[in-house]
Structure formats: C-alpha cells, structure tokens
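Chain residues, written in single-letter form:
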Amino acid sequence: MPSVGGGLLAVLADEAPDQLAEMERWYEDDHLYERSAIEGFLYSRRYISLTGQPRSLTLYEIHGPEVLHGEGYAKAWERENAIAARRKEAGNPIPQRMTNVVRNEYALLSATGTHVGEVGAFIWMVREDVAEADEAALEAWYAAHLPLVAAIGTVRGVRRYRATVGTPRFLTVYDLATAATIEGDRSEEHTSELQSLA
C-alpha cells in the first residue's frame, strides 16, 4: 500500500495545442518512471479534472520538501536538459507539451482517515489562502471538519499541506472511492474534483 510522505509536489497543467497524445505518452512512458527512480520519491499519480481547469494534475508523494532541492532531483533535471539540447541541435526539438502550468511544493501538516495513504480513484482538491491573522481559525475549522469527513465510508483519507513553494499556501486532498462522495456546490474557487488515470 502507498505510504504518506512528509511532502508533496503538485503539478497542474493543460496540454499545449495539438499535444494531448504526446503529453500522455510522455507522462505514461517516460516521466513518471523517471521520477519514481529518484531517491526520496515514493510514488506518483495522475488525475484528470471533472470540473475546473487546468485539466491534468500530477501528485508526487515525497519524503519531504527537501527532496526537491537535493542532488537526485537536480541530476534528473540536468539529464532532461541535456536530452533537450541534443534534440534541438539535431533539428528535432522536444515539443512544448504543456501550458498553464502550476507547480507547488508542499510540507505535510496532517493526515487522517480510515485508509490514510490509500490512493483514491477520485480526489477532491481544495487550494486556499487566508490572512496570517486567520490561520488559527482555519486550522481550528479543519480540526473539527476532518474527523467528520474521514468517517464517511467512501473517504479513504484526507491530507493537509502547507506550500513551501508556490501559492495559495494551503492544500487539502480528499482521497475518495467514488465521485458521488462529493455533493452540493462545486463552484468554489480553487476547488477541483479529479478522476484517476490509473
């Protein structure tokens, strides 16, 4: 069973024009395997948005945010840049696969649920920010809210994060067994419901 790491890398993006097939091929055949081989990366998973944009979300579970500033991750970027440079010199540049990219790095604040660490077929993702003066009230609300939500049978687990790179500063990921778990108003800003590509 997947484990819960102390950090998360979240990348949201849309495919560039006419690049959907290439973006999917790159993710499934190359990128996710390469990232999984980096020390400190536990696993990765992809989702497609049912509501909201960008369309694609990739979550990389990591030991902690420091992994993204370590030698293994830096070497992976060096290899990718070298391949891109060689292809460009050969007259076969790598196409721009993605647009509207949002990349955030997170530290885990809390994890709760009956199956914490279990990957949901669906997720509900809430990205939010509050004034520093209101942070204590936000955390108090989640302290009361999360045990109630985690007790729902189709909720696998809930994880809360604070951004170390990127905005907004807070992310809550609800791992769900079914899309029907979430009912009511889904129009909230920074809220997305996504289906697994696995």
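Heads up: the structure comes first, above all this text.
**Re the overall build of the protein**
Consideration 1: Looking only at helices and strands, the protein features three helices and eight strands.
Consideration 2: Going residue by residue from the N terminus, the α and β elements of the protein occur as β-α-β-β-α-β-β-α-β-β-β.
Consideration 3: Seen along its three principal axes, the alpha-carbon backbone of the protein occupies a region of about 60 × 35 × 35 Å.
Consideration 4: When contacts within the protein are restricted to residue pairs at least 6 apart in sequence, long-range pairs at least 24 apart make up 78% of them.
Consideration 5: When the accessible surface of the protein is summed, it comes to about 10100 Å², and 55% of that surface belongs to carbon and sulfur atoms.
Consideration 6: Taking the 19 positively charged and 30 negatively charged side chains of the protein as two groups, their mean positions are separated by 5 Å.

**Details of helix H1 (residues 20-36)**
Consideration 1: Taking 1.5 Å per residue as the helical rise, H1 with its 17 residues ought to reach 24 Å, and the 22 Å between its terminal C-alpha atoms agrees with that figure.
Consideration 2: Within H1, the axis deviates most sharply at Tyr 27, by approximately 45 degrees.

**Notes on the packing of H1 against helix H2 (residues 71-89)**
Consideration 1: Contact geometry for H1 and H2: axes closest at 10 Å, N-to-C directions at 150 degrees. The orientation of H1 relative to H2 falls into the category roughly antiparallel. Handedness of the H1/H2 crossing: right-handed. In this structure, H1 uses His 31, Glu 34 and Arg 35 to contact H2, whose residues at the interface are Tyr 73, Ala 76, Trp 77 and Glu 80.
Consideration 2: For the contact of H1 with H2, the residue count by class is three nonpolar, one polar and three charged.

Cut-off values and rules
- Residues numbered from 1 in each chain as written.
- Predicted model: local features only at pLDDT ≥ 70, side-chain atom pairs only at ≥ 80, totals over all residues.
- Heavy atoms only, no water.
- Helix = DSSP H or I, 4+ residues; strand = E, 2+ residues; numbered from the N terminus.
- Contact = heavy atoms within 4.5 Å.
- Areas by Shrake-Rupley, 256 points an atom, 1.4 Å probe, with all protein chains shown as cover.
- Lys, Arg positive; Asp, Glu negative; His and termini not counted.
- Charge placed at Lys NZ, Arg CZ, Asp CG, Glu CD.
- Expected span 1.5 Å × (residues − 1).
- Bend = angle between axes of the 7 residues up to and from the residue.
- Axes fitted to C-alpha atoms, helices over the stretch in contact; angles between N-to-C directions.
- Parallel < 35°, antiparallel > 145°, perpendicular 65-115°, else oblique.
- Left-handed = near helix turned anticlockwise from the far one by under 90°.
- Nonpolar A, V, L, I, M, F, W, Y, C, P; charged D, E, K, R; others polar.

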